[in-house]
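Examination of the molecular architecture
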Amino acid sequence: MRREFFLLPNANEMQRSSATESGNSMKLARRMTMKRTHYCGAIRKEHMGQTATLCGWVQNRRDMGGVIFLDVKDREGVAQVVCNMQFLPPEDFHHAETLHMQSVIQVEGEIRHRDEETYNPRLATGEVELLAKRLVVLSEAQPLPYSMDEDAKVREELRLKYRYLDLRRPQLQKALRFRHQVQMAAEKYLNGDGFTCIETPMLCKSTPEGARDYLVPSRVHPGKFYALPQSPQIFKQMLMVGGMDKYYQVARCFRDEDLRADRQPEFTQVDMEMSFVEQEDILQHLERLFKSIFRDVMGREIGYDFPRLTWQESMDRYGCDKPDLRFGMEIRDVTDLAAECSFSVFRRVADEGGKVRALNCKGCAEKFTRTTIETLTDHALGYGAKGMAWILIHDSGEVNSILQKYFTKAQWQTLLTALDAQNGDFILFCADKFQTVCRTLCGLRLEVGDMLGLRDKQDYRFCFVTDFPEFEWSEEEQRYMAMHHPFTMPYEEDLPYLMTDPARVRSQAYDVVLNGIELGSGSIRIHRPDVQALMFRALGFTEETARARFGFMIDAFKYGTPPHGGFAFGLDRLVMQLLGADSLRDVIAFPKVRDASDLMTSAPDFVDAEQLEVLQLGVSTAAEAEKHPQKKRPTMAIKTVAELAKLSLTAEEEVTMGEELNTILGFAEALQEVDTTDVPQTAHVIPTENVLREDIPAAPFDRDLLLSNAPTHTEDCVNVPQTFD
C-alpha cells in the first residue's frame, strides 16, 4: 500500500489558511486513515457486515449505469467491489467510471453477501462483495502492451519483456510462493539437523576446469579477473578444514553454458557439506531431506526407499545417468546374439566392439502406425544413430521385420526370449558405439513413454545414481577430464589405476534424480594431500599449474583435513518438477532466454568508454601478464607516515593526505613510463630566470597552533628525543 506523509501546519499557517484549504486538509486526512485491513482474496462469508479496506489492481470493470462492478486483485485473489453512485462520493464515483485496467486503487466499504445472480462458485470470494464507500486511485495505469486476461495468447518474448506485468499472473505468483515454501522446508530440515548457514564469496578465483566461468574484471588490479562461482565447492571444503562440521547455504551460482529448458546461466542451489562422513551417511541424509521437503510442501509421504543404481547399471538399463523410473521399458543388450546372425550391420558393430541393444514396447504393435514408426526412425537419426531396425509382432503372432531372415530359427527364438517378446509387442533396435546406442535408446524410450502417456507429472520417482567414472575423455582437449570435479575421491581399490588406466577408476560420486531430471550431485571429497596430488597429475596438471590454480587448497590440506563430503541440489529444478512446469522460466522471477539475455533490462549491453578505460583491459591472460609484468604500486598507510613524521592528524586530514599521497605515487609511476630514449638531458626543462619578490613581513603564527603537532612540549619549547650521549 502506498504510504502518504503530510506536514502539519504551525499555528501561524493555520490562522492564514482559508476555508478551502481547510477542506482540502480534511480530505487528505480522510485518505490517510484508509489502511488495508484485508487482502482482496481473503474476504469470506464470515466477514459480512465488517468495514474493510482493500488495495489492489483493477482486473475488470463492468459499468451497469449508476452501478459499476470492479474486480480488484492482489496476490491472494480477486474481490468484487460494487461502486454505487448512491453510496459513493461523486468524485470517487467519477474515478470508478474512468479507471483503466491494471490501475492501482484503494477502496473502503462494507463486506456484504452477493446477490444470488452474481454468485461465482469459481472464486473463493464468490459469495461476498465489497460495497464501496470511498475510493482512491493510487496509481493510474497506461494502456497495456498486451491483454492481461489469463486465457490470452501472448508470446513468451513479450511476457518476458514486460516481466513485471507477467508477474501479476496468478500461476506465476503461485509458483514463486511455492518456491519459497520449498526453500523454507529445506532450511527448516537442515537447521534442525545441526547445519550452520554460512555465506561464501561471490568474487572468486577462476579455476578453468569444467563449464566456462563468468569473469569480472578488477579495476584495482588491472588485467586481472575474478570469476563468479559455479558453485561454492572450494570454500565449503575450506569450511570443513576450518572445523565447521556441517555447513549449508542457499547459494547463487553462475555457469556460462548453453541454455535449455532445465538450465539457466544463473541459478540457485541448496548447498551442503559434512565432516567425518562416508557415502552411505550422506545418501541416508539426502533421502530424509527430500522426504521431509516433499511431506512439508506437497502434503504427501514418499512411501518407498529411494532405489540405487550404479552409473553403469543406469546406462545399461536406461541409456542415461538420470533415469525416469515412472515406467519400465528397460533396454536389453543382445550384442552376443547379434554377433552370430548374418545381418551385416549387427555383426560389424559387434566385431568392432560396439553394442546392439533393443527396447521392447509392450503392446504397441497395433498402436504404432507406419507414420509412428517413421517418426521414431527420424528421432533415432536425430540422436546420432544411422537407422532403426525393428520387429512388429501382431496380436495374431504374425511377424513384420526384415531381421527375421538373418537369423536361424533357433537364433530367432533365443532373441525373442531374451527380449521377452510376445504377441502385440513392438521392438526397436540400435547398433552403434556405446555412447550413441545409449543416447538413442534413452531418447526413444522417453519418446515412446510420452506417446503412451506413461510419464505422469503427478507421479514422483526419486532414485540415487552412484559410482560415476572418475574421468571422461574430452575430444576437444584430447585428455581425460574430471567428470565431476578434481576434488572427488576415487574408491580406494581404484587408486592404483589413476595413472595407468584412468577409464576404469570409479569415483565416490552420487546424483539424486527425480523423474528423469538430475536434481543435484555430490561426492566424498579428497582429504589426503597425496591423493590430491596424484589426481592433479592424472588430469595432466603440472605442479606449477596445480599450485597456480589451487595453491591455497593444497596448503590447507597440510594442516589437518577431516574426511568430508557434500551435495548440492538445484532449488529451481526441484520446484519445476514438483509443480510439473515445462521450463525453469516458469519458476524464476526474472529468467534469461536461450541466448542468456534479459529481455526486460536488455542485459547484457554495451557500456560507456569511460567504464572500460578505467578497467585497463589491455592485459587479459596469464601468459601476457608474464610477458608484461605489472609493478604493483607500493601501499603506504598514512598513519604510518604521520607517526614517522611525528604528526598528529585528524580523521579528515588522514583522508585528504592519503589521497594526495596516492596522487604523488601515481604521478611518479607515470613518469617512469615516459619513453626518454631520444630525449637529450637538460639541467632544466624550462628556461630559468631570476625572480625578485618584495619582502613583506607576514603576521606571526599563533604559538599554540605551532605547538599543536608536537607530541610533547615544555612551555614554549618542543621536546626533541635525545640522539646521542
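Residues numbered from 1 in each chain as written. Predicted model: local features only at pLDDT ≥ 70, side-chain atom pairs only at ≥ 80, totals over all residues. Heavy atoms only, no water.

Section: the nonpolar core
Core analysis: the biggest nonpolar cluster contains 63 residues, and M272, F462, F569 and L578 have the highest contact counts within it. Sequence-distant contacts of F462, that is, excluding residues within four places in its chain, are made with F290, F294, I302, Y304, F306, P307, L325, V512, V513, L514 and L519. (Core = buried A, V, L, I, M, F, W, Y, C linked by side-chain atoms within 4.5 Å. Buried < 20%, exposed > 50% of the residue type's maximum accessible area, 1.4 Å probe, protein only. Contact = heavy atoms within 4.5 Å.)

Section: the sheet that holds strand 3 (residues 77–84)
Taking strand neighbours around the barrel as the criterion, the five strands line up as 1-2-3-5-4 in a closed arrangement whose pairing is mixed. Averaged over all neighbouring strand pairs, the angle between strand axes comes to 55°, with direction disregarded. (Pairing = 2+ DSSP bridges. Helix = DSSP H or I, 4+ residues; strand = E, 2+ residues; numbered from the N terminus. Axes fitted to C-alpha atoms, helices over the stretch in contact; angles between N-to-C directions.)

A few points about the packing of helix 7 (residues 233–241) against helix 16 (residues 543–556)
Closest axis-to-axis distance for the helix 7/helix 16 pair is 10 Å, and the angle between their directions is 15°. With respect to helix 16, the element helix 7 is oriented roughly parallel. Note on packing geometry: the crossing formed by helix 7 with helix 16 is left-handed. Packed against helix 7, whose contacting residues are I234, Q237, M238 and V241, the element helix 16 presents F550, F552, M553 and A556 at the interface. In terms of residue class, the contact of helix 7 with helix 16 is built from seven nonpolar, one polar and no charged. (Parallel < 35°, antiparallel > 145°, perpendicular 65-115°, else oblique. Left-handed = near helix turned anticlockwise from the far one by under 90°. Nonpolar A, V, L, I, M, F, W, Y, C, P; charged D, E, K, R; others polar.)

Re the sheet that holds strand 22 (residues 564–570)
One open sheet accounts for eight strands, arranged 6-9-10-22-21-20-17-11; its pairing is mixed. The sheet is open, and its two edges are formed by strand 6 (196–197) and strand 11 (308–310), each paired on a single side. As paired strands, strand 20 (residues 509–514) and strand 21 (residues 517–524) are joined by six bridges and run antiparallel to one another. Bridged to A509 within strand 21 is S523.

Describing the packing of aromatic side chains
Under the counting rule described, the total for this entry stands at 22 aromatic pairs. On the numbers, 6.5 Å between centres and 90° between planes, the contact of F290 with F567 is edge-to-face. Highlighted residues: F290 in helix 8 (residues 279–298) and F567 in strand 22, separated in sequence by 277 residues. Classification of F567 as buried rests on a relative accessible area of 0%. Measuring from centroid to centroid gives 4.9 Å for F306 and F462, while their planes differ by 0°, and the two rings are stacked. Of this pair, F306 sits in the loop between helix 8 and strand 11 while F462 sits in strand 17 (residues 462–466), and the two are 156 residues apart along the sequence. F306 sits in the buried class, given a relative accessible area of 4%. We classify F462 as buried; its relative accessible area is 1%. Aromatic rings pair up to connect F290, F294, Y304, F306, Y460, F462, F464, F567 and F569 into one cluster. Stacked on the ring of Y304, the Lys or Arg R461 has its end atom at 4.8 Å from the ring centre. One Lys or Arg, R549, reaches over the ring of F541 and ends 5.0 Å from the middle of that ring. (Phe/Tyr/Trp six-rings, centres within 6.5 Å; stacked < 30°, edge-to-face > 60°. Lys NZ or Arg CZ within 6 Å of the ring centre and 35° of its normal.)

A few points about helix 8
With 20 residues, helix 8 should reach 28 Å at 1.5 Å per residue; the first-to-last C-alpha distance of 28 Å fits that figure. Within helix 8, 14 of the 20 residues are buried, which leaves the element mostly enclosed by the surrounding structure. Downstream of helix 8 by one or two residues, G299 has phi in the positive range, about 65°. (Expected span 1.5 Å × (residues − 1).)

Observations regarding unusual backbone geometry
Following A603, the chain continues to P604 via a peptide bond in cis, the omega torsion being 0°. Of note, P604 is situated in the loop between helix 17 (571–579) and helix 18 (609–615). Non-glycine residue F276 carries a positive phi angle of around 55°. With respect to the secondary-structure elements, F276 resides in the loop between strand 10 (266–275) and helix 8. The backbone phi angle of N515 is positive, close to 55°, even though this residue is not glycine. Within the secondary structure, N515 is located in the loop between strand 20 and strand 21.

Here's the deal with the pattern of salt bridges
Tallied over the entire structure, the rule returns 43 salt bridges. Here D271 and K236 are joined by a salt bridge, their closest N and O atoms 2.8 Å apart. Note that D271 is positioned in strand 10 and K236 in helix 7, a separation of 35 residues in sequence. Taken as a pair, D271 and K236 share a single burial class, namely buried. Through salt bridges with shared partners, one network takes in R159, R163, D166 and R169. (Salt bridge = Lys/Arg side-chain N within 4 Å of Asp/Glu carboxyl O.)

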